[in-house]
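# Structure at a glance
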Amino acid sequence: MKTESTVSNGILHVRLTGDLIGSPDTQQLLQSVDDHLGESVMLCAVDLSGIRYINSTGIGVLVSLLTKFRSRGGELVLINPADHPRKMLALTKLNAIFTIAENETAAAEVLKSAS
């Protein structure tokens, strides 16, 4: 899995590509998010359009990220999950817990209204 993180307008944008299956990359992702939380970033948009496959560990990583932001009064939005991640979110009924936006602009609007 490849991770790209940027912060703009107070929103942490995380773009993931590859397979979200719980590799050393997921620890790097969680550490990167923790670093940004230390910088008082309270809003996060995670782009899942480049994720081909996600397993239960990957779902756990997403839940962990959501918990990190919500426990600090922030919010996290998933952007355009690819087919397999979208099915896994529906299967686990987590699509009712996560906010899902179809693009980055919609995600920014949801996050700004939540803050």
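Structure report, in brief. Because the structure is a prediction, the values reported are computed rather than measured. (Residues numbered from 1 in each chain as written. Predicted model: local features only at pLDDT ≥ 70, side-chain atom pairs only at ≥ 80, totals over all residues. Heavy atoms only, no water.)

Turning our eyes to something else, we now look at the overall build of the protein. Check the secondary structure of the protein and you find four helices and five strands. From first element to last, N terminus to C terminus, the protein shows the α and β order β-β-α-β-α-β-α-β-α. Looking at the protein residue by residue over its 115 residues, the buried ones come to 40%. Considering only intrachain contacts with a sequence separation of at least 6, the fraction spanning at least 24 residues in the protein is 72%. Total accessible area on the protein stands at roughly 5,800 Å², and carbon and sulfur atoms take up 51% of it. Put simply, the protein has 10 plus and 12 minus side-chain charges, and the middle of one group is 5 Å from the middle of the other. (Helix = DSSP H or I, 4+ residues; strand = E, 2+ residues; numbered from the N terminus. Buried < 20%, exposed > 50% of the residue type's maximum accessible area, 1.4 Å probe, protein only. Contact = heavy atoms within 4.5 Å. Areas by Shrake-Rupley, 256 points an atom, 1.4 Å probe, with all protein chains shown as cover. Lys, Arg positive; Asp, Glu negative; His and termini not counted. Charge placed at Lys NZ, Arg CZ, Asp CG, Glu CD.)

What follows covers the pattern of salt bridges. Where charged atoms of side chains with opposite charge meet at close range, the side chains can pair. This model, assessed by the stated rule, comprises eight salt bridges. In this structure, Arg52 engages Asp19 in a salt bridge whose closest nitrogen and oxygen atoms are separated by 3.4 Å. Residue Arg52 is located in strand β3 (residues 43–54), and its partner Asp19 is located in strand β2 (residues 11–20); the two are separated by 33 residues in the primary sequence. Across the pair Glu102 and Arg86 runs a salt bridge, and its minimum N-O distance is 3.6 Å. Here the residue Glu102 occupies a position in the loop between β5 (99–101) and α4 (104–114), and Arg86 occupies one in helix α3 (residues 83–91), the gap between them amounting to 16 residues. For Arg86, a relative accessible area of 32% translates into the label partly exposed. Several salt bridges share partner residues, and in doing so they unite Arg15, Asp47 and Glu104 into one network. (Salt bridge = Lys/Arg side-chain N within 4 Å of Asp/Glu carboxyl O.)

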